[in-house]
Amino acid sequence: MARVYNFSAGPAALPEEVLARAGREMLDWQGSGMSVMEMSHRGAAFSAIAEQAGADLRDLLAVPENYKLLFLQGGGAGQFAGVPLNLLGGVSNKADYVVTGNWGKKAVKEAAKYGDIAVAGSGEDVGFTTIPARENWMLREDAAYVHYTPNETIQGVEYPEVPDVGDVPLVGDMSSSFLSRPVDVSKFGVLYAGAQKNAGPAGVTIVIVRDDLLDQAQPGVPVVFDYAAQADADSMLNTPPCYAWYTAGLVFDWIKRNGGLEAMAERNARKAAKLYAAIDGSDFYRNPVEPAVRSRMNVPFLLADDALDAAFLAEAEAAGLTALAGHRSVGGMRASIYNAMPEAGVDALIGFMGDFEARNG
Ligand SMILES: *Cc1c(COP(=O)(O)O)cnc(C)c1O
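The numbering scheme is per chain: residues are counted from 1 as the chain's sequence reads. Confidence filtering applies because this is a predicted model: local features only for residues at pLDDT of at least 70, side-chain atom pairs given and counted only at 80 or more, and all residues used for totals across whole chains, interfaces and linings. Values reported for side chains reflect all heavy atoms of the structure, with hydrogen atoms and water molecules removed beforehand.

**A few points about the layout of surface pockets**
Turning to step 1, where the next piece is worked out: In this structure, the largest pocket spans a volume of roughly 360 Å³.
Turning to step 2, where the next piece is worked out: Both cavities and pockets are sets of points on a 1 Å grid over the protein atoms alone; in a cavity a 1.4 Å probe fits but cannot get out, in a pocket the set is open with protein on both sides within 12 Å along at least five of seven lines, and lining residues sit with an atom within 4 Å of a point. Around the largest pocket sit 17 residues that line it, and Ala50, Glu51, Leu69, Asp234 and Trp245 are the ones nearest its centre.
Turning to step 3, where the next piece is worked out: Helix and strand labels come from DSSP, where a helix needs a run of H or I of at least four residues and a strand needs a run of E of at least two; each type is numbered from the N terminus. At the level of secondary structure, the elements contributing two or more residues to the lining of the largest pocket comprise α2 (44-61) and β2 (67-72).
Turning to step 4, where the next piece is worked out: Ranked by residue count, the leading element in the lining of the largest pocket is α2, at six residues.
Turning to step 5, where the next piece is worked out: Among the residues making up the lining of the largest pocket, the classes are represented as 10 nonpolar, three polar and four charged.
Turning to step 6, where the next piece is worked out: Grid points are joined across faces, edges and corners, and a volume is the space filled by probe spheres set on the points. Each pocket or cavity is described by its volume, and for the second largest pocket that value is around 290 Å³.
Turning to step 7, where the next piece is worked out: Residue lining of the second largest pocket: 22 residues in total, with Trp103, Thr153, Ser175, Gln196 and Lys197 positioned closest to the centre.
Turning to step 8, where the next piece is worked out: Of all the secondary-structure elements, those providing two or more residues to the lining of the second largest pocket are α3 (75-87) and α4 (102-111).
Turning to step 9, where the next piece is worked out: Residues of the lining of the second largest pocket, tallied by class, amount to five nonpolar, 12 polar and five charged. In this count, Pro and Cys sit with the nonpolar residues alongside Ala, Val, Leu, Ile, Met, Phe, Trp and Tyr, while Asp, Glu, Lys and Arg are called charged and the others, Gly among them, polar.

Take a look at the structure:
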């Protein structure tokens, strides 16, 4: 068996140990005589799995008592609607959005169906190569929340710190940086993340919501997206994404056993720093993002001569380095180096890049 180094932006590589354990437990989960896929979500076995996953996630992120954890379906994009549906039916129907790339734009477009949405800042006029600094955000005092994307998966820009927006609830689409480092949950009203980047397989979406925001929903919110109803039902209002929830739980356990979020952060910073150093140290490769706001998770880069893109990708693939094509909207390459990408994978990529440059530069 030869596993490749998979640089996919999502669904993305999972820790090999997690996959091996899921494999071992596939036919018979801990003496139950069945797979987790086959269990009733209301039974004792799955309840134990769900509770453990929740407890481990709370522990990893030090989630304060007054926040609920929800394990929902619908993906990050589902929450583009879920957030306004849950937050724009109370004190205000206004929300301010900061746009740092494709995902932020999509969030605005979806939210505009449900409320009065304003763009408080955007990096679009500079091609999303930097982020609007907090002091330039134009916030409305009567907005119900401010939404931003801490890490933009496609453009590769990331907020180094959580911006301070005072008393207005801050909402973060953390899909591509969730669990990549410690984060102060108490600075957010709502955090959400599709699992398939850094926290598990596709199919489960994690929402962390402060409990005083649970009475702001619009009357039309679909019940499966209703934070209050799902919180009351422990995310089991209907059949939850059982197997994805279980696998995410295995990832949480893996992170805990590997030093927690501090250790992830340290390793991720080291991986990103060496890859950016390799890019910046050559005239053959380049990354257009302002260095201070470069993503530690998604590293886009361009070849000086894009006529070599196809050869780069084909030769990388042959060397066991896969899914390096950049998003179609930015072109070039993108290396996604989430928690599950070992440092050896980044080293192998850097080695290949040097070799490719030597042969083609
Ligand atoms: C991938 C991604 C999404 C979309 O997630 P889906 O689960 O495919 O809906 C949203 N936001 C960000 C930042 C992402 O990286």
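**Points about the packing of α2 against helix α6 (residues 242-257)**
Geometry of a packed helix pair, given as the angle between the helix axes and the separation of the axes.
Turning to step 1, where the next piece is worked out: Orientation is described by axes fitted as lines to C-alpha atoms, over the contacting stretch for helices, and by angles from 0 to 180 degrees between their N-to-C directions. One way to put it is that α2 packs onto α6 with a least axis distance of 9 Å and a crossing angle of 40°. Taken together, α2 and α6 sit at an angle that is classed as oblique. Every pair of crossing elements has a handedness; the one defined by α2 and α6 is left-handed. Together, Phe46, Ile49, Ala50, Ala53, Asp56, Leu57, Asp59 and Leu60 of α2 and Cys242, Trp245, Tyr246, Gly249, Phe252, Asp253, Ile255 and Lys256 of α6 make up the contact between the two elements.
Turning to step 2, where the next piece is worked out: Per-class residue counts for the contact of α2 with α6 are 11 nonpolar, one polar and four charged. Should an angle lie under 35 degrees it is considered roughly parallel, over 145 roughly antiparallel, and from 65 to 115 roughly perpendicular; all remaining angles are considered oblique. Should the near helix be turned counterclockwise from the far one by less than a right angle, the crossing is left-handed, whereas a clockwise turn marks it as right-handed. Any pair of residues with heavy atoms lying within 4.5 Å of one another is described as a contacting pair.

**Focus on the sheet that holds strand β12 (residues 298-303)**
Turning to step 1, where the next piece is worked out: Strand order in this open sheet of three strands is β11-β12-β14, and the pairing throughout is antiparallel. The open sheet is flanked by β11 (285-286) and β14 (333-336), the only strands paired with a single partner.
Turning to step 2, where the next piece is worked out: Looking at chain direction, β11 and β12 are connected through two bridges and run antiparallel. Bridged to tyrosine 285 within β12 is leucine 303.
Turning to step 3, where the next piece is worked out: Seen against the sheet, helix α7 (residues 260-280) touches β11, β12 and β14 and runs at an angle of roughly 15° to β12. We treat two strands as partners when DSSP finds at least two bridges between them.

**Some remarks on the site of the ligand**
Turning to step 1, where the next piece is worked out: Proximity criterion: a residue is near a molecule or strand once any of its heavy atoms comes within 4 Å of it. Around the ligand, the surrounding shell holds 13 residues, and the nearest of these are Ala77, Thr153, Asp173, Gln196 and Lys197.
Turning to step 2, where the next piece is worked out: Throughout this description, a polar contact denotes any pair of N or O atoms lying within 3.5 Å of each other; where both atoms belong to protein, one of them has to be capable of donating a hydrogen while the other can accept it, and for residues adjacent in sequence the pair is counted only when both atoms sit in side chains. Threonine 153 places a side-chain nitrogen or oxygen 2.4 Å from an oxygen atom of the ligand.
Turning to step 3, where the next piece is worked out: In this structure, aspartate 173 approaches the ligand through a side-chain N or O atom, which is 2.6 Å from a nitrogen atom.
Turning to step 4, where the next piece is worked out: Only the protein chains shown count as covering a residue, and every accessible area follows the Shrake-Rupley method with a 1.4 Å probe. Within the complex, 86% of the 390 Å² of free accessible area of the ligand lies under protein.

**Remarks on the pattern of salt bridges**
Turning to step 1, where the next piece is worked out: Salt bridge criterion: a side-chain nitrogen from Lys or Arg within 4 Å of a carboxyl oxygen from Asp or Glu. Counted according to the given criterion, the structure contains 22 salt bridges.
Turning to step 2, where the next piece is worked out: One salt bridge in this structure joins glutamate 16 and arginine 3, with 3.5 Å as the shortest N-O distance. Linking glutamate 16 in helix α1 (residues 16-24) with arginine 3 in the segment before β1 (5-6), this pair joins segments that are 13 residues apart in sequence.
Turning to step 3, where the next piece is worked out: Exposed residues in this analysis have more than 50% of their type's maximum accessible area, buried residues have under 20%, and partly exposed residues fall in between, with area computed by a 1.4 Å probe over protein chains only. Overall, the relative accessible area of 44% leaves arginine 3 in the partly exposed class.
Turning to step 4, where the next piece is worked out: Where glutamate 315 meets arginine 359, a salt bridge forms, and the shortest distance between an N and an O atom there is 2.7 Å. Of the two residues, glutamate 315 is situated in helix α8 (residues 309-318) and arginine 359 in helix α9 (residues 343-360); the sequence distance between them amounts to 44 residues.
Turning to step 5, where the next piece is worked out: Counted as one network, the salt bridges with shared partners bring together Glu17, Arg21, Glu25, Asp253 and Arg257.

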